[in-house]
Amino acid sequence: MNSTSAAKILLDVNRIGISFGGLKAVQEFSLHLPQGGLYGLIGPNGAGKTTVFNLLTGVYQADTGAIQLSGGNLFGKKPHQITAAGIARTFQNIRLFPSLSVLDNVRLAGQLHNRHGLWHTVLRSRRYHTAEKNLCDKASELLEVFDLQDRAHELASNLSYGHQRKLEIIRALATDPSVLLLDEPAAGLNPQEKKLLAGSIRDIRDRFGVAVLLIEHDMGLVMDICERIVVLDHGITICEGTPKEVQNDPQVITAYLGSGVPGEG
Amino acid sequence: MSDFTQTLITAIAIGSLYALIALGYTMVYGILKFINFAHSDIVVLGAWSSYTFSNWLLKLIGVETKGMTTPPAIWVAVVVLVLSMAFCGVVGFTIERLAYRPLRRAPRLNVLITAIGVSLLLQNVGQLDQVFGASPQKMPQLLPAAELASFTFGEGESARKVVIGLVDVMIFVTASSLMLLMQYLVFHTKQGVAMRAVSYNTDTAALMGIPVDRVVSITFVLGSVLAAAAGFLYVMKYPSLNQPAHTIWVLLGLKAFVAAVIGGIGNVRGAVLGGFVIAFVEQFGAFYISTNYRDVYVFVMLILILLVRPGGLLGVTTREKV
Amino acid sequence: MTQSANRSGTVERTGTAVLPWGANGFFGMMPIIVGIGFAVLLHFVLPKSIGPYYSRIVTDVGIAIILAVSLNIVNGLTGQFSIGHAGFMTLGGYVAAFVTYYVSSILWESTTRHGGFLGSGEWLFLFSCIIGGIVTAIAGYVVGLPSLRLRGDYLAIVTLGFGEIIRVILQQTGKVIDPEAVKSATWSQIIPPPVGGAVGFDGVPKYTNLFWVYTIMAITLVVAYRLKSSSVGRAMISVREDEIAAQAMGVNISREKVRSFVIAAFFAGVGGGLYAHEPGVIISPNDAGFQRSFDYVIMTVLGGRGSISGVVIAAAILTALPEFLRDFAEYRLIVYALLLIIMMLVRPQGLLGIHEIWNLRRKPKSPPIAEEVK
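In this text, all values refer to a predicted model and were calculated from it rather than measured experimentally.

Here we look at the overall build of chain A
Line of reasoning, step 1. Secondary structure summary: chain A contains 10 helices and 10 strands in total.
Line of reasoning, step 2. Relative to the compact-globule value of 18 Å for 265 residues, chain A shows a C-alpha radius of gyration of 19 Å, a close match.
Line of reasoning, step 3. Projected onto its principal axes, the C-alpha coordinates of chain A cover approximately 65 × 40 × 40 Å.
Line of reasoning, step 4. Sorting the 265 residues of chain A into buried and exposed places 55% on the buried side.
Line of reasoning, step 5. If you take every contact in chain A between residues at least 6 apart in sequence, the share linking residues at least 24 apart comes to 67%.
Line of reasoning, step 6. Accessible surface for chain A amounts to roughly 10,700 Å². Of this, 50% is attributable to carbon and sulfur atoms.

Structure below.
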């Protein structure tokens, strides 16, 4: 798993870019994420990291470039089509459905691959019952894996901050992704929780067989778990390599200058 | 040719009324990001309070309104206009204070629903016998029905006369001067800078020391004052005054709102542009296609423009930040 | 709409488990059968015991419930803001009335009631209501399309404009043709459609009765509840809560929006059919105006946007109450307006929020999931 060259490229992003008005938010961004890879995306505030996520998930449409997932084109696709194709994400500022229960948040994501039509719903056919039961089983199982089953019937908005972050990840996994994009999963967590998170990101990768791309400001965490790291500054990729290479890259150090040397997080 | 010119004159007069009302919608939307549904009812209030004030004033100076043939001195019209503008300003201030301010942090839909509530309230309180009553009234004639100019097109039997009435000119002049004043206020005064700052980002504006609540209040008062002027001018042109909850008022307000949206809501110049666009579509459509569907043209226009340019003619489309 | 989260921490359960009426396999039809039984009971018992005046109120309540609950699918579940529901209702009413009137004229050369309870006339009436619903659903699709491009308040204006357009167009329609003259009608009488113009469509056979109103109401309620408590409803709610997150979870928000418009419009059209055939009613273009639309909006807001039982209660109260307070008719809308404003200030989520009345007393404890699965 750890050697990039051996594994098959899953998510293949080539030179995508977008500008807002005159501002080139992201330019020529490329990424070759192998199956089961665990990559990091870092950069100072406003470097365009979240914009990259938005481009990959179709929230923004890239102006140029190509995005492929296992050979299938994703460029120009709508967000829900991209999710269906196998890219799931979490949000930097948590975006759960506050008035749905924890279980329903997960079920909503799970129903993507568990469809039954409108007529089955209205008539409550056998197919409806089977589908809803499968969905419920699957959601419950996921909650159990992450130890949230006790809170299943609580409103998502009533969870603690840490649990909400966790639920975001569970919800993303419920869409059966092959690539998981995590947008600052450690933001707002205490050191204890961060340590647990680092372990569970690796576990998620192994257990669900997903490739993970991670935006994170906590350098300790990124350097610890990521196999390769892409560094963005002003929308431009200034460096790509292993944690070690990145840490010693002069450009990266310049980009971060004033906010401390990366690696000391 | 004569028909065209006459339609053009009406369209300009009506357009300046729409623009005046649209300004109120657009300023409130620009700052608070919600449709002030009750704005059209302020126009109604402006019209009806003009009626009440002029009856009161005429009685005071001893003019019999019944069978009045010659209009009173011009200052009566000016005083009535000023009085109803002041009155509506106060009402606008009160509404913002009591109904909208407590909802400053509430979801936008809630504020919209409140606005519908305020609108229904104003309409139906106005319909009470103790207030304006539920039957139409005739506005006393305050302006002379003079023709400022008339042209004749064609010759002999086909000759047609085109009339530019004093009322049309008064509407255009009053409305344009108010709009120019507003333009000056928004773009060349400290108050205008504050308004634009609040519109751009309320929280940051507050951090910069701008008294947001006061700016919002002033915006409401300004919008209401303009609406009152529009109401006054409207009854000068169409003296048969419909009861406060009549559909015609709602349509007037709706069209003005459509004007604001077409121009790009939140954009002061857009509102003026939109007002004229709507009036032209409506008047020329009514004249050249069919007068029965005049309201339909406006809404078809709205849907077309929104589908092509969701932000309106002068507006910018904003992206939601993720 | 974060305000709809209630403090105690109980939640609306969606899914197969907790249903007020059990629904499995064949029993999936049970609630509708029970509803029809209830409607039969009402039909034969009520008019005799409380007289025609109060029966009429009960009929009006039923129609209002159909309209308010269907509007709630768009405004409550999917979180769009439609204020043109009366436009859909009136369109459906006119289409249904057109079908009944002219088919009766051709078949039976008269537009008086044909056949008794469940007789041929009533089946024609049901058929025309469904046609009305279908035509309205198509209109709902067309109106739903702008909702893909427009945010909440712009959409409100478009729907309001839709109602006004329907009103204006109906005013331009032609005179109603007498039943005897239908077969010899000329083209100039048929175009524009002969449905009465500004004065309204007079002479529509009066088939609407408690049985049909409450049967259709039962179907509306069951469909609305089943939508809400299923994957479809969850997807709709997710659009209301957060469109971007919903998309990221694979929800096709465009489809959900248009779908909710179509479903809501269908029931509004059927409800309009019931209204057009109600004894003592002459459906007219003014029914499409915004005032009636606001009535339904108020019912959904007061009941709780998303709560079916809350909206039913609000629709029943707001329809019945004015009838008993006729002396204060001019104050009715003032009271409504104040209710709206005060409600937004003190309880913006409405009477029941998104909850159903039978969920209110549930304790905030969390039962093990296994229980729910079975």
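Considerations on the overall build of chain B
Line of reasoning, step 1. Secondary structure assignment for chain B yields 11 helices and 4 strands.
Line of reasoning, step 2. In terms of C-alpha radius of gyration, chain B reaches 20 Å, essentially the compact-globule figure of 20 Å for 322 residues.
Line of reasoning, step 3. Buried residues in chain B amount to 55% of all 322 residues.
Line of reasoning, step 4. Counted over contacts in chain B with a minimum sequence separation of 6, partners at least 24 positions apart contribute 73%.
Line of reasoning, step 5. When the accessible surface of chain B is totalled, it reaches about 14,000 Å², and 65% of it is carbon and sulfur.

A short note on the pairing of strand β2 (residues 23-34) of chain A
Residues and elements named next belong to chain A.
Line of reasoning, step 1. As paired elements, strand β1 (residues 9-20) and β2 share 8 bridges and run antiparallel to each other. Paired with Phe20 across the bridge in β2 is Leu23.
Line of reasoning, step 2. The hairpin formed by β1 and β2 contains 2 residues between the paired strands, and Gly21 there has a positive phi angle of roughly 65°.

A few points about the packing of aromatic side chains
Line of reasoning, step 1. Counted according to the given criterion, the structure contains 31 aromatic pairs over all chains.
Line of reasoning, step 2. On the basis of an interplanar angle of 50° and a centroid distance of 5.0 Å, the ring pair of Phe98 of chain C and Tyr102 of chain C is categorised as tilted. Residue Phe98 of chain C and its partner Tyr102 of chain C are both found in helix α2 (residues 85-108); the two are separated by 4 residues, about one turn of the helix.
Line of reasoning, step 3. Judged by its relative accessible area of 33%, Phe98 of chain C is partly exposed.
Line of reasoning, step 4. Taking the ring centre of Phe97 of chain A as reference, the NZ or CZ of Arg171 of chain A above it sits at 4.9 Å.
Line of reasoning, step 5. For the cation-ring pair, Arg292 of chain C lies above Tyr275 of chain C, with the distance from its terminal atom to the ring centre recorded as 4.5 Å.

Some remarks on helix α9 (residues 247-263) of chain B
Line of reasoning, step 1. The end-to-end C-alpha separation of α9 of chain B is 24 Å, in line with the 24 Å expected for 17 residues at 1.5 Å each.
Line of reasoning, step 2. Gly264 of chain B sits one or two positions beyond α9 of chain B and adopts a positive phi of about 110°.

Points about helix α10 (residues 290-303) of chain C
Owing to its 3.6 residues per turn, the α-helix brings residues three or four apart onto one side.
All names here are of chain C.
Line of reasoning, step 1. Across its 14 residues, α10 extends 20 Å between first and last C-alpha, which sits within 8% of the 20 Å expected from 1.5 Å per residue.
Line of reasoning, step 2. For α10, the tally of buried residues reaches 12 of 14 residues, placing the bulk of the element in the interior.
Line of reasoning, step 3. Three or more residues of α10 are buried, namely Phe290, Ser293, Phe294, Asp295, Tyr296, Val297, Ile298, Met299, Thr300, Val301, Leu302 and Gly303.

What about the sheet that holds β1 of chain A?
What holds strands together in a sheet is hydrogen bonding between their backbones, with the strands either parallel or antiparallel.
Residues and elements named next belong to chain A.
Line of reasoning, step 1. The strand order β2-β1-β4-β5 describes an open sheet built from 4 strands, whose pairing is antiparallel. The open sheet is flanked by β2 and β5 (72-73), the only strands paired with a single partner.
Line of reasoning, step 2. Pairing geometry for strand β4 (residues 64-69) and β5, over 2 bridges, is antiparallel. The residue of β5 that forms the bridge with Leu69 is Gly72.
Line of reasoning, step 3. Sitting on the sheet, helix α1 (residues 49-56) is in contact with β1, β2 and β4, with an inclination near 115° to β1.

Describing the pattern of salt bridges
Line of reasoning, step 1. Across all of its chains, the model carries 33 salt bridges over all chains by this definition.
Line of reasoning, step 2. Salt-bridge contacts for Arg202 of chain A lead to Asp224 of chain A; the nearest nitrogen and oxygen are separated by 3.6 Å. Here Asp224 of chain A lies in helix α8 (residues 219-225) and Arg202 of chain A lies in helix α7 (residues 191-208), a separation of 22 residues in the sequence.
Line of reasoning, step 3. With a relative accessible area of 47%, Asp224 of chain A lands in the partly exposed category.
Line of reasoning, step 4. Between Asp213 of chain B and Arg101 of chain B there is a salt bridge whose closest N-O contact spans 3.9 Å. Here Asp213 of chain B is found in helix α8 (residues 212-237), whereas its partner Arg101 of chain B is found in the loop between α3 (74-100) and α4 (108-127), with 112 residues between them in sequence.
Line of reasoning, step 5. On the accessibility criterion, Asp213 of chain B (36% relative accessible area) is partly exposed.
Line of reasoning, step 6. Since its relative accessible area comes to 17%, Arg101 of chain B is described here as buried.

With respect to a negative patch on the surface
Line of reasoning, step 1. Negative charge collects at one region of the surface, where Glu141, Glu144, Asp147 and Asp150 of chain A lie side by side.
Line of reasoning, step 2. Along the chain, Glu144 of chain A falls in helix α5 (residues 126-145).

Looking at the packing of helix α6 (residues 190-200) of chain B against α8 of chain B
Residue and element names in this part refer to chain B.
Line of reasoning, step 1. Here α6 crosses α8 at 105°, and the two axes come no closer than 10 Å. It follows that α6 is roughly perpendicular to α8 by the angle criterion. Of α8, the residues touching α6 (which contributes Gln191, Ala194, Met195 and Val198) are Val212, Val215, Ile218, Thr219 and Leu222.

Quick word on the environment of Ser125 of chain A
Residue and element names in this part refer to chain A.
Line of reasoning, step 1. Along the polypeptide, Ser125 turns up in the loop between α4 (118-123) and α5.
Line of reasoning, step 2. Ser125 sits in the buried class, given a relative accessible area of 19%.
Line of reasoning, step 3. Expressed as a C-alpha distance, the spacing of Ser125 and Thr64, which sit 61 residues apart in the sequence, is 46 Å.

With respect to the side chain of Gln243 of chain B
Line of reasoning, step 1. Structurally, Gln243 of chain B can be placed in the loop between β4 (240-241) and α9.
Line of reasoning, step 2. Once residues within four sequence positions are removed from consideration, Gln243 of chain B is found in contact with Trp48, Gln127, Gly133, Ala134, Ser135, Pro136 and Trp249 of chain B.

Here's the deal with the state of the cysteines
All names here are of chain A.
Line of reasoning, step 1. Tallied over the entire structure, the rule returns 0 disulfides over all chains.
Line of reasoning, step 2. Here Cys226 stays unpaired: no disulfide links it, and the sulfur of Cys239, its closest cysteine neighbor, is 13 Å away.
Line of reasoning, step 3. Residue classification places Cys226 among the buried positions, given a relative accessible area of 6%.
Line of reasoning, step 4. Taking relative accessible area as the criterion, Cys239 reaches 9% and is therefore assigned buried.

With respect to the confidence of the model for chain B
Line of reasoning, step 1. Mean pLDDT over chain B: 87, with 97% of residues reaching 70 or higher.
Line of reasoning, step 2. Reported confidence for the predicted complex is 0.89 by ipTM and 0.87 by pTM.

Considering the environment of Tyr161 of chain A
Residue and element names in this part refer to chain A.
Line of reasoning, step 1. Residue placement: Tyr161 occurs in helix α6 (residues 161-173).
Line of reasoning, step 2. Sequence separation of Tyr161 and Val230 is 69 residues, and the distance between their C-alpha atoms is 28 Å.
Line of reasoning, step 3. Not counting residues within four places of it along the chain, the set of residues in contact with Tyr161 comprises Ile94, Ala187 and Gly188.

Some details on the nonpolar core
Considering soluble globular proteins, one finds that nonpolar side chains tend to be buried as a cluster.
Line of reasoning, step 1. The biggest cluster of nonpolar side chains holds 267 residues, and the ones touching the most others in it are Leu167 of chain A together with Phe37 and Tyr100 of chain B.
Line of reasoning, step 2. Leaving out residues up to four positions away in the same chain, Phe37 of chain B has contacts with Tyr25, Leu112, Ala115, Ile116 and Ser119 of chain B together with Ile83, Ile157, Leu160 and Phe294 of chain C.
Line of reasoning, step 3. Formed by 31 residues, the second largest nonpolar core is a distinct cluster that contains Leu10, Val179, Leu213 and Ile215 of chain A.

Points about the environment of Ala96 of chain C
Residue and element names in this part refer to chain C.
Line of reasoning, step 1. Inspection of the secondary structure puts Ala96 in helix α2.
Line of reasoning, step 2. Along the backbone, Ala96 and Thr112 are 16 residues apart, and their C-alpha atoms lie at a distance of 16 Å.
Line of reasoning, step 3. Contacts of Ala96, omitting those with residues within four sequence positions, involve Ser128, Cys129, Gly132, Gly273 and His277.

Thoughts on the packing of helix α3 (residues 102-110) of chain A against helix α7 (residues 231-241) of chain C
Line of reasoning, step 1. At their nearest, the axes of α3 of chain A and α7 of chain C sit 10 Å apart, and the two run at 105° to each other. By the angle class used here, α3 of chain A and α7 of chain C are roughly perpendicular. Of the residues in α7 of chain C, those in contact with Asp104, Arg107 and Leu108 of chain A of α3 of chain A are Arg234, Ala235 and Ser238 of chain C.

What about the sheet that holds strand β8 (residues 211-215) of chain A?
Residues and elements named next belong to chain A.
Line of reasoning, step 1. Strand order in the open sheet formed by 6 strands is β6-β7-β8-β3-β9-β10, and the pairing between neighbours is mixed. Edge strands, defined here as strands with exactly one partner in the open sheet, are β6 (87-89) and β10 (236-241). Neighbour-to-neighbour, the strand axes of this sheet turn through a mean angle of 20°, independent of strand direction.
Line of reasoning, step 2. Note that strand β3 (residues 38-42) and strand β9 (residues 228-233) share 4 bridges and pair parallel. Within the sheet, the bridge partner assigned to Tyr39 lies in β9 and is Arg228.
Line of reasoning, step 3. In the packing of α6 onto the sheet, the strands contacted are β6 and β7 (179-183), and the crossing angle to β7 comes to about 160°.

Calculation rules
Residues numbered from 1 in each chain as written. Chains lettered and ligands numbered in written order. Predicted model: local features only at pLDDT ≥ 70, side-chain atom pairs only at ≥ 80, totals over all residues. Heavy atoms only, no water. Helix = DSSP H or I, 4+ residues; strand = E, 2+ residues; numbered from the N terminus. Rg over C-alpha atoms; globule rule 2.2 N^0.38 Å. Buried < 20%, exposed > 50% of the residue type's maximum accessible area, 1.4 Å probe, protein only. Contact = heavy atoms within 4.5 Å. Areas by Shrake-Rupley, 256 points an atom, 1.4 Å probe, with all protein chains shown as cover. Pairing = 2+ DSSP bridges. Phe/Tyr/Trp six-rings, centres within 6.5 Å; stacked < 30°, edge-to-face > 60°. Lys NZ or Arg CZ within 6 Å of the ring centre and 35° of its normal. Expected span 1.5 Å × (residues − 1). Axes fitted to C-alpha atoms, helices over the stretch in contact; angles between N-to-C directions. Salt bridge = Lys/Arg side-chain N within 4 Å of Asp/Glu carboxyl O. Patch = residues over 30% accessible without salt bridge, like charges linked within 9 Å, V, L, I, M, F, W, Y side chains within 5 Å. Lys, Arg positive; Asp, Glu negative; His and termini not counted. Charge placed at Lys NZ, Arg CZ, Asp CG, Glu CD. Parallel < 35°, antiparallel > 145°, perpendicular 65-115°, else oblique. Disulfide = S-S within 2.5 Å. pLDDT = per-residue confidence, 0-100. Core = buried A, V, L, I, M, F, W, Y, C linked by side-chain atoms within 4.5 Å.

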